[in-house]
Amino acid sequence: MVTVTTIELASEHTDAAAPSPKGGKRILMASPRGYCAGVDRAVDAVEQALAHYGAPIYVRKEIVHNKYVVETLSKRGAIFVSETDEVPVGARVVFSAHGVSPAVHAEAAERRLDTIDATCPLVTKVHKQAVRFADKDYDIILVGHTGHEEVEGTQGEAPDHIQVVNGPHEVDQVEVRDPSKVVWISQTTLSVDETLETVRLLRERFPEMIDPPGEDICYATQNRQAAVKKIAPRVDLMIVVGSGNSSNSVRLKEVALEAGAGAAHRVDFASEIDPSWFDGVETVGLTSGASVPEILVREVVERLAEFGFDDVEEVRTTTEKISFSLPKNLRADLMAAQGAASAHKRREPAADHTC
Ligand code: SF4
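Owing to the predicted nature of the structure, the values given are computational and were not obtained by experimental measurement. Throughout, a residue's number is its position along its own chain's written sequence, starting from 1. In keeping with the model being predicted, local features are shown solely for residues with a pLDDT of at least 70 and side-chain atom pairs are shown and tallied solely at 80 or more, while totals for entire chains, interfaces and linings include all residues. Hydrogens and water are ignored here; the side-chain numbers use all heavy atoms of the structure.

> Before we go on, may I ask you to explain the sheet that holds strand 1 (residues 3-8) in this structure?
Neighbouring strands of a sheet are bound in pairs by backbone hydrogen bonds; such pairs are parallel or else antiparallel. One open sheet holds the six strands; their spatial order is 1-13-2-12-10-11, and the pairing between them is parallel. With one partner strand each, in any of the chains shown, strand 1 and strand 11 (264-267) form the two edges of the open sheet. Pairwise comparison of adjacent strand axes, ignoring direction, gives a mean angle of 25° for this sheet. In this scheme, strands are said to pair when DSSP sees at least two bridges between them. Think of it this way: any DSSP run of H or I at least four residues long counts as a helix, any run of E at least two long counts as a strand, and we number them from the N terminus. In this structure, strand 2 (residues 26-31) lies alongside strand 13 (residues 311-316), joined through five bridges in parallel fashion. Following the sheet pairing, Ile-27 is matched in strand 13 by Val-312. Only heavy atoms matter for contacts: two residues are in contact if any of them lie within 4.5 Å across the pair. Between the N-to-C directions of two axes lies an angle of 0 to 180 degrees, each axis being a line fitted to C-alpha atoms and, for a helix, fitted only over the stretch in contact. Sheet strands in contact with helix 8 (residues 247-258) are strand 10 (237-241), strand 11 and strand 12 (283-288), and its direction is about 165° off that of strand 11.

Pasting the structure below:
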């Protein structure tokens with residue numbers, strides 16, 4: 001039987017979890033892990049839209065980068081498309097948590113699509129920063145991964161002002177019009193440490209470069225990386241649950257290795273776990289990316305128990321309390337339907353008790 005104990009460990013605390021008092025094989029499970037507020041909202045938006053308007057609901061790109069989530073929503077009637085022009089004229093479409101550029105909004109308007117914008121509010125915040133600095137005619141350096149949907153969406157806000165830098169190795173290639181008018185912003189799901197290094201090198205080249213007004217790497221990314229750093233030095237092997245196109249999940253594997261994990265593997269599903277990984281392994285670390293539902297982690301725990309890892313210690317470095325409300329137009333439709341339902345109930349004749 002799997003037993004789970006939780007220990008609270010402040011993220012600034014320097015000691016990792018102590019060795020198991022029982023000895024033997026165990027799992028150190030990072031917390032926070034899994035769904036962040038932006039993913040929770042985006043998935044909920046598709047679910048509520050399916051329930052309220054009925055299938056099909058079109059979704060531009062993967063609503064969040066997770067195979068299981070996309071497969072589950074597809075079975076319930078969501079149709080995932082790559083571009084807006086694949087959505088029938090006049091149909092309803094949800095934009096993913098990663099955000100879209102103004103050009104995509106314009107295309108949707110041209111096709112008279114009913115849009116539900118599930119862009120994470122923390123991505124929207126970065127878009128607004130880009131627009132504000134472009135309006136002031138700054139050169140904007142967007143630290144992020146070329147080709148990632150979030151980066152495409154942010155860059156699309158001000159394509160003439162933004163250039164993307166993928167990491168420290170690209171800093172030398174940056175060219176700006178006026179070194180005294182440069183700002184950097186970033187993708188929300190990067191490695192905190194690598195981004196700091198990129199920014200340090202950028203500042204060497206452009207000492208007057210200004211910082212974004214708030215942190216762009218979001219709370220969820222930072223918290224999941226901090227929790228992994230805490231347990232990584234104590235684990236022989238780190239398993240990260242998450243999809244290969246999830247920036248957040250891929251970064252967690254890299255962070256685990258940098259922080260001292262003996263080895264690290266990313267899996268979408270428990271069935272991908274390879275028994276040969278456990279040769280000589282006493283302690284397995286476990287975490288999941290911000291787009292991963294907890295059911296997938298539970299399945300990994302059950303699979304690990306088959307290899308004798310049935311002592312689970314959850315190491316919690318912080319407790320997250322952030323949540324976001326549903327996109328405005330969807331919320332309004334749901335509330336109107338609720339109001340209509342209760343008005344209808346009030347109009348129903350009182351029960352006849354005369355027998
Ligand atoms: S990872 Fe961060 S920015 Fe991305 S959806 Fe989650 S909370 Fe929003």
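> I'm lost on the nonpolar core in this one. Help?
Generally speaking, soluble globular proteins have nonpolar side chains that are buried together. Definition of nonpolar core: a set of buried residues of the types Ala, Val, Leu, Ile, Met, Phe, Trp, Tyr and Cys, connected through side-chain atoms within 4.5 Å. Note on classification: 1.4 Å probe, protein chains only; a residue is buried when its accessible area is under 20% of the maximum for its type, exposed when over 50%, partly exposed between these limits. Counting residues in hydrophobic clusters, the biggest one holds 27 residues, and the most contacted among them are Val-46, Ile-63, Val-64 and Val-94. Only helix 1 (37-53), strand 3 (57-60), helix 2 (67-75), helix 7 (219-231) and helix 10 (328-347) provide two or more residues apiece to this core. By convention here, the domain bounds are inherited from an automatic or database domain assignment. Formed jointly, this core draws a minimum of three residues from each of two domains, domain 1 (1-9 + 21-34 + 217-314) and domain 2 (36-119). Apart from residues no more than four positions distant in its own chain, Val-46 is found in contact with Val-59, Ile-63, Leu-73, Ala-78 and Val-94. Ranked by size, the runner-up nonpolar core spans 22 residues in total, among them Val-284, Leu-286, Leu-304 and Val-312.

> Sorry if this is basic, but what is going on with the domain arrangement of the chain here?
Size of an interface: often given as the accessible area lost when the parts come together. Segmenting the chain into domains produces domain 1 (1-9 + 21-34 + 217-314), domain 2 (36-119) and domain 3 (120-203). For domain 2 and domain 3, the distance between their C-alpha centres works out to 26 Å. On the side of domain 3, twelve residues touch domain 2, which itself brings 14 residues to the contact. Summed over both partners, the accessible surface that disappears when two parts come together, traced with a 1.4 Å probe, is what is meant by buried area. Summed over the three residues of domain 2 that lose the most area to domain 3, namely His-98, Pro-102 and Thr-119, the buried surface amounts to 44% of that side. When a carboxyl oxygen of Asp or Glu is within 4 Å of a side-chain nitrogen of Lys or Arg, the pair counts as a salt bridge. Counting the contacts that link domain 2 with domain 3 gives zero salt bridges. The definition of a polar contact used here is a pair of N or O atoms within 3.5 Å, where within protein one atom must be able to donate a hydrogen and the other to accept one, and adjacent residues in sequence count solely through side-chain atom pairs. At the junction of domain 2 and domain 3, the tally comes to four residue pairs in polar contact (both at pLDDT 80 or more). Across the side of domain 2 that touches domain 3, the residue classes break down as four nonpolar, seven polar and three charged. Residues were grouped as follows: Ala, Val, Leu, Ile, Met, Phe, Trp, Tyr, Cys and Pro as nonpolar; Asp, Glu, Lys and Arg as charged; and all remaining residues, including Gly, as polar.

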